[in-house]
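An overview of the molecular structure
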Amino acid sequence: MFKKAAQVIGALTMSTIFWAAPVVAEPIVIKFSHVVAVDTPKGNAAEFFKKRAEELTKGKVKVEVYPNGQLYKDREEMDALQFGAVQMLAPSLAKFGPLGIKDFEVFDLPYIFNGYEDLHKVTDGPVGRKLLDKLEIKGIKGLAYWDNGFKSFSANTPIQTPDDLKGKKMRIQPSTVLEEQMRELGAIPQIMPFFEVYQALQTGAVDGTENPISNFYTQKMYEVQKYMTITNHGYLGYAVIVNKKFWEELPADIRTQLEIAMKEATDYANKSAKTSNDKDLQSVKASGTTEVTTLTPEQRAAFRKALIPVHDKMTGRIGKDTMDAVRKAVGFVD
């Protein structure tokens, strides 16, 4: 009897082992931090990437998106990525100059691009790829460029000529090129984190700023700026980057799926940028609190003439090879 009982127990034990639920691997978590609102070109694209990454990997990857600087502010996020506290960012291209990769400040040059077609000759081509590869020395892998849009000036006084910005305290991102741009106009550059700009405009700590329309609208700057002039004088874009070690240690199949998701998200981001800026411009006009001016060709030529000297002054900083490569790619005419 005891022998039979032992056989039954043994059979039950083997059955239990055989029918035990398989161990399910925990998903790979990608923390994606950014400093703008969800309803912006970058915010929407980050959510699109999350959706596609999780679909394509069938749940093997979980993307946690943290907008509006919830995890890290402008000055903190790059350190967080390099230390591995987050895995993915999409900082503005101006952030790489202070990191030591000054070539990226070529994107800050005023009137270097005539529009998106010119821009994408660089960001979608070998020149853009070569720039992203320069980040690897900092432990960063560059995946893609995402557009935000072309910038316009705003202030509480009308802006129709370059002289209208003389003496104005203008908020900029940390970029030596942007500092020189403002000085060329006789303005006073004020470096300031993005999340502080609304209050600074409200209190008069700064007089004006430069932004793509989508940033201006989603941050409600139209509530604290009486005038905006569509100058399209400079470009604001992002590089989607990951911690290099994290990326290279991913399984090859997962990395391939994430690359597909990123390509789709990039296409989405760049289409969304143009659509959002066009829509948000109409919303700013409808607000009734900001008067929007579009420059005449003659007025635009005056701004361009005032700002083009920045190119020569910044060649030594950015690097002649990078400047020449970008100019050649877009067919720049001085």
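Before reading further, recall that the structure is shown in the block above.
Residues numbered from 1 in each chain as written. Predicted model: local features only at pLDDT ≥ 70, side-chain atom pairs only at ≥ 80, totals over all residues. Heavy atoms only, no water.

1. Quick notes on helix H2 (residues 41-56)
For H2, with 16 residues, the first-to-last C-alpha span of 22 Å sits near the 22 Å given by 1.5 Å per residue. All buried positions along H2 are accounted for by Pro 41, Lys 42, Gly 43, Ala 45, Ala 46, Phe 49, Arg 52 and Ala 53. Lys 58 occupies a position one or two residues after H2 and carries a positive phi of about 55°. (Helix = DSSP H or I, 4+ residues; strand = E, 2+ residues; numbered from the N terminus. Expected span 1.5 Å × (residues − 1). Buried < 20%, exposed > 50% of the residue type's maximum accessible area, 1.4 Å probe, protein only.)

2. Structural notes on the pairing of strand E1 (residues 28-33)
Put simply, side chains in a regular strand alternate between the two faces of the sheet. Here six bridges tie E1 to strand E2 (residues 61-66), and the two strands are oriented parallel to one another. Opposite Ser 33, over in E2, you have Tyr 66 as the bridge partner. A crossover connection joins E1 to the parallel E2 through H2; in handedness this β-α-β unit is right-handed. Bridging between E1 and strand E3 (residues 88-89) involves two bridges; their strand directions are parallel. The partner of Ser 33 across the bridge, within E3, is Leu 89. (Pairing = 2+ DSSP bridges. Right-handed = clockwise from strand over helix to strand, strands pointing away.)

3. Observations concerning the packing of H2 against helix H10 (residues 252-287)
In contact at an axis separation of 8 Å, H2 and H10 are set at 155° when each is read in the N-to-C sense. Classified by the angle their axes make, H2 and H10 are roughly antiparallel. When you trace H2 past H10, the crossing you get is right-handed. From H2, Pro 41, Asn 44, Ala 45, Phe 48, Phe 49, Arg 52, Ala 53 and Leu 56 reach across to H10, where they touch Gln 257, Leu 258, Ile 260, Ala 261, Met 262, Glu 264, Ala 265, Tyr 268, Ala 269, Ser 272, Ala 273 and Ser 276. Here the contact of H2 with H10 is built from residues that sort into 14 nonpolar, four polar and two charged. (Axes fitted to C-alpha atoms, helices over the stretch in contact; angles between N-to-C directions. Parallel < 35°, antiparallel > 145°, perpendicular 65-115°, else oblique. Left-handed = near helix turned anticlockwise from the far one by under 90°. Contact = heavy atoms within 4.5 Å. Nonpolar A, V, L, I, M, F, W, Y, C, P; charged D, E, K, R; others polar.)

4. Things to note about helix H4 (residues 116-123)
Considered for burial, the residues of H4 that qualify are Asp 118, Leu 119, Val 122 and Thr 123. Here the buried residues of H4 occupy an arc of 130° about the axis, which is enough to place them on one side. Those residues of H4 that are buried lie in contact with helix H5 (126-133), strand E4 (140-150), strand E10 (235-243) and helix H13 (320-330). (Arc of directions from axis to C-beta.)

5. Concerning the packing of aromatic side chains
In this description, an aromatic ring pair is defined by two values, namely the gap between the centres and the angle between the planes. Per the stated rule, a full pass over the model turns up 13 aromatic pairs. Between Phe 107 and Tyr 235, the ring centres sit 6.4 Å apart and the planes meet at 50°, which makes this aromatic pair tilted. Separated by 128 residues along the polypeptide, Phe 107 in the loop between E3 and H4 and Tyr 235 in strand E10 bring together distant segments of the chain. In this structure an aromatic cluster arises from ring pairing among Phe 96, Phe 104, Phe 107, Phe 113, Tyr 116, Tyr 145, Phe 150 and Tyr 235. Looking at Lys 42, its charged tip hangs above the ring of Tyr 238, at a distance of 3.8 Å from the centre. Cation over ring: Lys 73 sits above Phe 195, and NZ or CZ is 4.9 Å from the ring centre. (Phe/Tyr/Trp six-rings, centres within 6.5 Å; stacked < 30°, edge-to-face > 60°. Lys NZ or Arg CZ within 6 Å of the ring centre and 35° of its normal.)

Without other data, these values stay purely geometric and don't point to any function.
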